[in-house]
Amino acid sequence: MLSIARNSLRPTINRMFVARSASLHTLPELPYAYNALEPHISEQIMKLHHTKHHQTYVNGLNAAEEAYAKTPSTKEKIALQSALKFNGGGHINHSLFWKNLSPVNEDGGKLSQGPLKDALERDFGSVDEFKKRFNAATAAIQGSGWGWLGYNPATQKLEIVTTPNQDPLISHAPIIGVDIWEHAFYLQYYNVKADYLNAIWNVINFKEAEHRFLEAAE
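Parameters at a glance
In every chain, residue numbers begin from 1 and rise along the written sequence. This being a predicted model, a pLDDT of at least 70 is required before a residue's local features are given, and a value of 80 or more before pairs of side-chain atoms are given or counted; all residues contribute to the totals for chains, interfaces and linings. Only hydrogens and water are set aside when side-chain values are computed; all heavy atoms of the structure are taken into account. Centres within 6.5 Å are what make two rings of Phe, Tyr or Trp a pair, Trp counting through its six-membered ring; a difference in plane orientation under 30 degrees is then read as stacked, over 60 as edge-to-face, and the rest as tilted. Runs of E in the DSSP output that reach at least two residues are strands. Runs of H or I that reach at least four are helices, and both are numbered from the N terminus. Throughout this description, buried means an accessible area under 20% of the type-specific maximum (1.4 Å probe, protein chains only), exposed means over 50%, and partly exposed covers the range between. At least two DSSP bridges between two strands are needed for those strands to be called paired. Residue contacts follow a heavy-atom distance rule, with two residues in contact if any of their heavy atoms lie within 4.5 Å. A 3.5 Å cut-off defines polar contacts: any pair of N or O atoms within that distance qualifies, except that in protein one atom must be a possible hydrogen donor and the other a possible acceptor, and neighbouring residues in sequence count only when both atoms are side-chain atoms. Between N-to-C directions, angles cover 0 to 180 degrees, with each direction set by a line fitted to C-alpha atoms, over the stretch in contact for helices. Any angle from 65 to 115 degrees is called roughly perpendicular, while one under 35 is roughly parallel, one over 145 is roughly antiparallel, and all others are oblique. What makes a crossing left-handed is the near helix being turned counterclockwise from the far one by less than a right angle; a clockwise turn instead makes it right-handed. In this classification, Asp, Glu, Lys and Arg are treated as charged, Ala, Val, Leu, Ile, Met, Phe, Trp, Tyr, Cys and Pro as nonpolar, and every other residue, Gly included, as polar.

Chemist: Would you mind showing me how to read the packing of aromatic side chains here?
Modeler: Both the distance between ring centres and the angle between the ring planes are used here to describe each pair of aromatic rings. Overall, the coordinates contain 14 aromatic pairs when judged by the stated rule. For the pair Tyr57 and Phe86, a centre-to-centre distance of 5.6 Å together with 70° between the ring planes defines the contact as edge-to-face. Residue Tyr57 is located in helix α2 (residues 43-70), and its partner Phe86 is located in helix α4 (residues 81-100); the two are separated by 29 residues in the primary sequence. Judged by relative accessible area, which is 5%, Tyr57 ranks as buried. Between the aromatic rings of Tyr186 and Tyr190, the centroid separation amounts to 6.2 Å while the plane-to-plane angle is 80°, which identifies the pairing as edge-to-face. Judged by relative accessible area, Tyr186 falls into the partly exposed class, the value being 38%. Among the aromatic residues, ring-to-ring pairing joins Phe124, Phe130, Phe134, Trp201 and Phe206 into one connected group.

Chemist: For this particular structure, what's the right way to read the pairing of strand β3 (residues 173-179)?
Modeler: In summary, the side chains of a regular strand alternate between the two faces of the sheet. The element β3 is largely enclosed, with a buried count of five among its seven residues. Here strand β1 (residues 145-152) pairs with β3 via six bridges, running antiparallel. Within β3, the residue paired with Leu149 across the bridge is Ile176.

Chemist: Would you explain the environment of Ala184 in this entry?
Modeler: With respect to the helices and strands, the residue Ala184 is situated in the loop between β3 and α7 (186-189). A sequence separation of 138 residues divides Ala184 from Met46, and the C-alpha atoms of the two residues are 7.9 Å apart. With residues near it in sequence (within four places) discarded, Ala184 still touches Ile45, His49, Asp179 and Tyr196.

Chemist: Quick question: what am I supposed to make of the side chain of His172 here?
Modeler: You can see His172 is positioned in the loop between β2 (157-164) and β3. Among the polar contacts made by the side chain of His172, one reaches the side chain of Glu159 at a distance of 2.7 Å. Side-chain polar atoms of His172 contact the side chain of Ser171, separated by 2.7 Å. Apart from the residues within four sequence positions on either side, His172 is in contact with Gly150, Tyr151, Asn152, Glu159 and Val161.

Chemist: Would you explain unusual backbone geometry in this entry?
Modeler: Look at the link from Glu38 to Pro39: it is a cis peptide, with omega at 5°. Among the structural elements, Pro39 can be located in the loop between α1 (2-23) and α2. Of note in the backbone geometry, Asp107 takes a positive phi value of approximately 75° without being a glycine. With respect to the element layout, Asp107 can be found in the loop between α4 and α5 (115-124).

Chemist: What am I meant to see in the packing of α5 against helix α6 (residues 127-139) here?
Modeler: The N-to-C vectors of α5 and α6 enclose an angle of 70°; their axes lie 8 Å apart at closest approach. It follows that α5 is roughly perpendicular to α6 by the angle criterion. Considering only the axes of α5 and α6, their crossing is left-handed. In this structure, α5 contributes Lys117, Leu120, Glu121, Asp123 and Phe124 to the contact, and α6 contributes Val127, Glu129, Phe130 and Arg133. Counted by class, the contact of α5 with α6 contains four nonpolar, no polar and five charged residues.

Structure representation (structure tokens):
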């Protein structure tokens, strides 16, 4: 009887294991090599940023979700909210960030005439004025955070927004996000945020940004 019970339970246990494995968050692969964004973002920074920092957020999110699912305590579930927000935001933000970037030889930094450029000129006067205002707002973040170009569905306009720490952008549809945590630039640009922000426009994937803009504006 015991062997029959074990055999009957085995498929259920296997399904539970597969379901649990399938639900785990994983580190997304980069759509380019670690050195593909040089000289604007170094291979060393990209490798550390992706394999160490982003992986840490993935691990933290999985651990927090597992602890949340296991505990019957409302108090403990509430206590886990900060870990879920921080690590979940880190995973969401970085997953967007990698797609925001593209090597120069794959049109990184190139904004062609089209809906996104038209919208930037409409809402900011010019693309250069947008970059100037974006860089100023992002450099002014105290401590760590993110600078965003977001689409506001209420106003139907593109707006510059900042979020602290790893908070994801939820008030707007994210079009372009720039990581201003020191791990994103310090090994190359030290404490000069302005140089990093000026350089990153050379590898911004405007095609991806325009795709997000068109989806958000539908």
